[in-house]
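# A structural walkthrough
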Amino acid sequence: MTAEPLLRLEDVTKRFGATLALDNVRFDLRAGEVHALMGENGAGKSTLMKILSGNIQRDGGRIVMDGRPIDIRSPLDARAHGIAIIHQELNTIPAMTVAENLSLGREPRTRFGTLDRRRVLREAREKLARIGSDIDPAQPLGSLSVGMQQMVEIARAVSEDARVLVLDEPTAALSRAEALQLYALIGQMRTAGVGLIYISHRMEEVWQLADRVTVLRDGSYVGTGAMGELSPEDVVRMMVGRAMGDLYDHAPRVAGDVVLAVEGLSGDGIGPVDLEVRSGEVVCMAGLIGSGRTEVARLIFGADRRSGGTVAIDGVPSRPADPHAAIADGIGMVPEDRKDQGLFLDHSVEINVAISSLDRFSTAGVVRRAEARQTVLEEMGRLHLRKNAIDLAVKALSGGNQQKAALARWLMRDSRVLILDEPTRGVDIGAKREIYELIDALARAGKAVLVISSDLPEAIGISDRLLVMREGRIVHELSSDRATEEEVMAYATGTAGRAAGASHGAEA
Amino acid sequence: MTNEMKPLAQAAPQDGAGRPPFDFAKWWDRVGILMVLIALVLLMSLIAPNFNRIDNLLNIARSISVNAILAAGLTFVILTGGIDLSVGSIIAVSGVVAVVLAIAGLPAPLAVLAGIGVGALCGLVNGALTAYLSLAPFIVTLGTMTFLRGLAYTITAGQPIVSSDLNFKGIGIGYLFGVPIPVIVMAIVFLIAWFLLERTRYGRHVYAVGGNAQAARLAGVRVDRVTLSVYVIGGACAGLAGVIFAARVISAQPTAGTGYELDAIAAVVLGGTSLAGGRGRIVGTLIGSVILGVLSTGLILLNVPFFTQLLIKGVVIIFAVAIDSLKTRPLPFLRGSRRAG
């Protein structure tokens, strides 16, 4: 602590109108350390990082780098000071090639003033090599996975000699293998003396990577500690201001009759898939990103064209040609990407929640508005959503509350089968817990719940059974109370023996 | 429970409890365009001679009816995020068909219905190409705009068909209880449009498709059908507008409605409907049409030369769009509101 840290934020304050978004927040970063920044959604993490990146200006406090106070008035200033941020929503241009993205804003030119394409490619290759990546710089960025795109952004930051690198939820959309690659890269940068600020909701990850953690709550500084001195429970308590208990705790559930029965379902690169979900049961589809879980969900829901197989609800065949028909048959789905596929961001909570139940709340096509609004309010109450949020545009809500609005839609519809694709992604820990409670309550009310989760402890913790997918098929089924993360991962990656995978392929 | 814990940290003031601060965007959404209209009317009645005489006001109402009916139908299309450039040409085709059939002896109500039907049919083609072949509506309707104009010229051999005793001319030049019939028709069209958009399931589906087509599909909205239907509505309204236009000039004009699609789009956008879809009000479209009508009539009464009228109209349209963009652009300090913290 005696040495001057690389970067120090002192009493940083930020107001938005009447709201105090940051209240005298402190933070310091040493060269060569990974410093985790944690807090619930709305705690002020993003605001603090936006001040650091020059996107917004602080109202008070000091930013000190190498012992000298600095001002960051624009993203260009931040770059000049060696501060780089890898945003949750990537800042790249998908239609351009990797190399073009890497040279963006500082394109090399030939003697004639035209773009020096050969040099663009060569420099890109060098930049990628510096982070040990063998991505082909000539391919369009958009053709890469999110993880690879992130690598490209990191390569850009490294090539600009960033000394402070902020990673905002970097693994949220990464497969396991990609995450491991990222962890290795983080280790490398740490050795090179870069200071890393790591924002993540994933406890295990933070404990694995970080040297220290700083927790914010409600825009205020709560505390900083070395990872060795703190337990995950301590940090959760600091984040929410109270003890949480075991997140996944739920009383044993009793499964009833089969509600959702899927046989031989196949589609583009998927299947054949057989699966059953019983009344009162929570079944979780585990597997790597790209293993086909979302595709299976979409096929069941009629969102994509199926090439074969049957779906039955309560023994009655459902031949959903489109989601409209699937919903009529009693299926509801909360898609993975709630902003692009789940919600109408500009529209009110009421409109968003009621949209799929309007047939039940209208007479001859005319909406019975008072009744529909009343029901929306009731569902919001069940989900602990503030009732006066009903007329707010959904985009004004936090991630957790947006997800609750997406869930409320199917509560209102009272669907028999619920398919929840990554229901807690990007959701703070308080809302996470409420979503788990809701899933449990739905199962207890006799619903059949099919969850997709990439968060293994969550997948095991909240479900009764696990279906492990790999390469478009269900390769293994196991009971959640006996499952271990290692076992699930082994089947998901195919290291558990090809023989087991083949023999389980069809009957799981 | 998490909500009560963190109003302090929400970057978006709306998400916190308590009274939200003054919000220009919301205020403008509610009354802004109406203020513009009132200011314009006050201005005109002060400086333009005879502006606020009843007969002049009725005259304005009648003169805007064709554009307003066109704009009402177009509002549906634009709310889904689409566009229809062919409505001006539909005016010509439906007018021609209605006049030709009337001359051939078809009774007036049937001739009127035939005109509306032809418009709806044109809309069906636009809608089917857009919804089921996933073609860009701008291109599709650019094509049908040209095609239908050609069709109108072909049927009429390029010459107006004049029929001084046109049996349905009343819908263009008649009066009922002292009110011009086109104004009454316009009022009925807007009432129906308002009811559909504000009170029915169908209306909510229209907004949903424009707000986020993918999300609408996954919420059970049959996006294809809704898309098809809005072009049919747009076409039917254009057909009706074409019949009224033909009745007013007591003839079938192959050049009828040239450029009207742009005036109609201007009225819709002036009324606050977003060209991106999902946001807007039919009442705004009515006000937008009235503003354009008041402006042209007022400028004529003021003896402003036609060329200058165009300059002023252009400035007004850009002004309206600028305000629309101002209210949708996230102010810098609100940009973090989706993921504060």
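Residues numbered from 1 in each chain as written. Chains lettered and ligands numbered in written order. Predicted model: local features only at pLDDT ≥ 70, side-chain atom pairs only at ≥ 80, totals over all residues.

## Considerations on the overall build of chain A
Each helix and strand counted, chain A has 18 helices and 22 strands in total. Scaling as 2.2 N^0.38, a compact globule of 508 residues should have a C-alpha radius of gyration of about 23 Å, and chain A matches this with 24 Å. The dimensions of chain A, computed from C-alpha atoms along their principal axes, are 70 × 50 × 50 Å. Expressed as a percentage of its 508 residues, the buried residues of chain A come to 52%. Expressed as a percentage of contacts within chain A between residues at least 6 apart in sequence, the contacts between residues at least 24 apart total 67%. (Helix = DSSP H or I, 4+ residues; strand = E, 2+ residues; numbered from the N terminus. Rg over C-alpha atoms; globule rule 2.2 N^0.38 Å. Buried ≥ 20, exposed ≤ 12 C-beta atoms within 10 Å, placed from the backbone. Contact = placed C-beta atoms within 7 Å.)

## Observations concerning the overall build of chain B
Along chain B, the regular secondary structure elements total 14 helices and 4 strands. When burial is assessed residue by residue, chain B has 52% of its 341 residues classed as buried. In chain B, once contacts between residues fewer than 6 apart in sequence are set aside, the share between residues at least 24 apart is 78%.

## Details of the sheet that holds strand β20 (residues 448-452) of chain A
Residues and elements named next belong to chain A. What the 6 strands build is an open sheet, ordered β16-β19-β20-β13-β21-β22; its pairing is mixed. Strands with a single pairing partner mark the edges of an open sheet, and in this sheet they are β16 (331-334) and β22 (473-479). Direction aside, neighbouring strands of the sheet carry axes that sit 20° apart on average. In this sheet, strand β21 (residues 465-470) lies alongside strand β13 (residues 281-287) in parallel orientation, the contact comprising 5 bridges. Paired with Val-283 across the bridge in β21 is Arg-465. (Pairing = 2+ DSSP bridges. Axes fitted to C-alpha atoms, helices over the stretch in contact; angles between N-to-C directions.)

## Observations concerning the pairing of strand β3 (residues 34-38) of chain A
All names here are of chain A. Summarising burial for β3: 5 of the 5 residues are buried, a large majority. Of the two faces of β3, the one carrying Val-34, Ala-36 and Met-38 and the one carrying His-35 and Leu-37 are both buried. Of the pairings in the sheet, the one linking β3 to strand β8 (residues 195-199) comprises 4 bridges and is parallel in character. Counterpart to Val-34 in the pairing with β8 is Leu-196. Taken together, the 4 bridges between β3 and strand β9 (residues 212-217) define a ladder with parallel strand orientation.

## As for the packing of helix α4 (residues 117-130) of chain A against helix α5 (residues 146-159) of chain A
Residues and elements named next belong to chain A. Interaxial distance between α4 and α5 falls to 8 Å at its minimum, and their mutual angle equals 95°. Looking at the two axes, α4 sits roughly perpendicular to α5. Touching Lys-127, Leu-128 and Arg-130 of α4 are Ala-155, Arg-156, Val-158 and Ser-159, all from α5. (Parallel < 35°, antiparallel > 145°, perpendicular 65-115°, else oblique.)

## Quick word on the packing of helix α8 (residues 181-199) of chain B against helix α13 (residues 282-301) of chain B
Residues and elements named next belong to chain B. Interaxial distance between α8 and α13 falls to 9 Å at its minimum, and their mutual angle equals 150°. Compared by their axis directions, α8 and α13 come out roughly antiparallel. Listed contacts from α13 to Phe-190, Ala-193, Trp-194 and Leu-197 of α8 are Ile-282, Val-283 and Leu-286. Class assignment for the residues of the contact of α8 with α13 results in 7 nonpolar, no polar and no charged. (Nonpolar A, V, L, I, M, F, W, Y, C, P; charged D, E, K, R; others polar.)

## Some words on α5 of chain A
Residue and element names in this part refer to chain A. With 14 residues, α5 should cover 20 Å at 1.5 Å per step; its first-to-last C-alpha distance of 20 Å lies within 8% of that length. Among the structural elements, β6 (83-86), α3 (98-102), α4, β7 (164-168) and α6 (176-191) are those in contact with the buried residues of α5. Trailing α5 by a residue or two, Asp-161 shows a phi angle of about 55°, which is positive. (Expected span 1.5 Å × (residues − 1).)

## Section: the environment of Lys-395 of chain A
Tracing the sequence through the fold places Lys-395 of chain A in the loop between α13 (369-382) and α14 (399-413). Distance in space between the C-alpha atoms of Lys-395 of chain A and Asp-414 of chain A is 25 Å, their sequence separation being 19 residues.

## Remarks on the sheet that holds strand β11 (residues 258-267) of chain A
All names here are of chain A. Here we have 4 strands laid out as an open sheet, ordered β12-β11-β14-β15, and antiparallel in their pairing. The open sheet has two edge strands with one neighbour each: β12 (270-278) and β15 (316-318). Ignoring strand direction, the axes of neighbouring strands in this sheet form an average angle of 20°. Bridge count for strand β14 (residues 308-313) against β15 is 3 bridges, and the pairing is antiparallel. Among the inter-strand pairings, Val-311 is bridged to a residue of β15, identified as Ser-318. Of the strands in this sheet, β11, β12 and β14 touch helix α9 (residues 293-300), which is tilted by about 110° from β11.

## Re the domain arrangement of chain A
Residues and elements named next belong to chain A. Taken domain by domain, chain A comprises domain 1 (7-240), domain 2 (246-330 + 415-508) and domain 3 (342-414). If you average the C-alpha positions of domain 1 and of domain 2, the two centres end up 34 Å apart. Taken together, the contacts link 9 residues of domain 1 with 9 residues of domain 2. A breakdown of the residues in the side of domain 1 that touches domain 2 according to their chemical character gives 4 nonpolar, 3 polar and 2 charged. (Domains from an automatic or database assignment.)

## With respect to unusual backbone geometry
Negative phi characterises most residues that are not glycine, and trans characterises most peptide bonds. A positive phi is found at Asp-11 of chain A, a non-glycine position, where the angle reads about 50°. You can see Asp-11 of chain A is positioned in strand β1 (residues 7-16). Non-glycine residue Ile-250 of chain B carries a positive phi angle of around 50°. As for its position among the elements, Ile-250 of chain B is in the loop between α11 (223-249) and β4 (251-252). Assessed through the 16 C-beta atoms surrounding it within 10 Å, Ile-250 of chain B is described here as partly exposed.

## Remarks on the confidence of the model for chain B
All names here are of chain B. Summing up the model confidence of chain B, the mean pLDDT is 86 and the portion of residues at 70 or higher is 85%. With pLDDT under 50 throughout, residues 1-18 is counted as low confidence; its partners more than four residues away or in other chains account for 54 contacts. Our summary of model confidence lists the complex with pTM equal to 0.77 and ipTM equal to 0.81. (pLDDT = per-residue confidence, 0-100.)

## Regarding the environment of Leu-299 of chain B
All names here are of chain B. Tracing the backbone shows Leu-299 in helix α13. With 19 C-beta atoms packed within 10 Å, Leu-299 lands in the partly exposed category. Placed 251 residues apart in sequence, Leu-299 and Ala-48 show a C-alpha to C-alpha distance of 8.0 Å. Leave out the neighbours within four places in its chain, and Leu-299 touches Val-304, Gln-309 and Ile-312.

## What to know about α4 of chain A
For an α-helix, 3.6 residues make a turn, and residues three or four places apart therefore share a direction. All names here are of chain A. With 14 residues, α4 should reach 20 Å at 1.5 Å per residue; the first-to-last C-alpha distance of 20 Å fits that figure. Burial in α4 covers these residues: Ala-124, Lys-127 and Leu-128. With its buried residues spanning 95° around the axis, α4 presents them on a single face. Exposed and oriented more than 90 degrees from the buried face of α4 are Arg-118 and Ala-129. For α4, the elements touching its buried residues are α3 and α5. Note on α4: the residue one or two positions beyond its end, Gly-132, has a positive phi of about 70°. (Arc of directions from axis to C-beta.)

## Concerning the pairing of β14 of chain A
Residue and element names in this part refer to chain A. In this structure, β11 lies alongside β14, joined through 5 bridges in antiparallel fashion. When the sheet's bridge partners are listed, Val-262 is paired in β14 with Val-311. A loop of 2 residues connects β14 with β15, the two strands running antiparallel in sequence, and Asp-314 in this loop sits at a positive phi of about 50°.

## Comments concerning the environment of Ser-463 of chain A
Residue and element names in this part refer to chain A. Tracing the chain through its elements places Ser-463 in the loop between α16 (456-462) and β21. Considering only alpha carbons, one finds Ser-463 and Val-282, 181 residues apart in sequence, at a separation of 4.9 Å. Residues in contact with Ser-463, not counting those within four places in the same chain, are Val-282, Val-283, Cys-284, Val-451 and Ser-480.

## With respect to the confidence of the model for chain A
With 94% of its residues at a pLDDT of at least 70, chain A reaches an overall mean of 87. A low-confidence stretch, residues 498-508 of chain A stays under pLDDT 50, and its non-local contacts, those more than four residues away or across chains, total 16 contacts.

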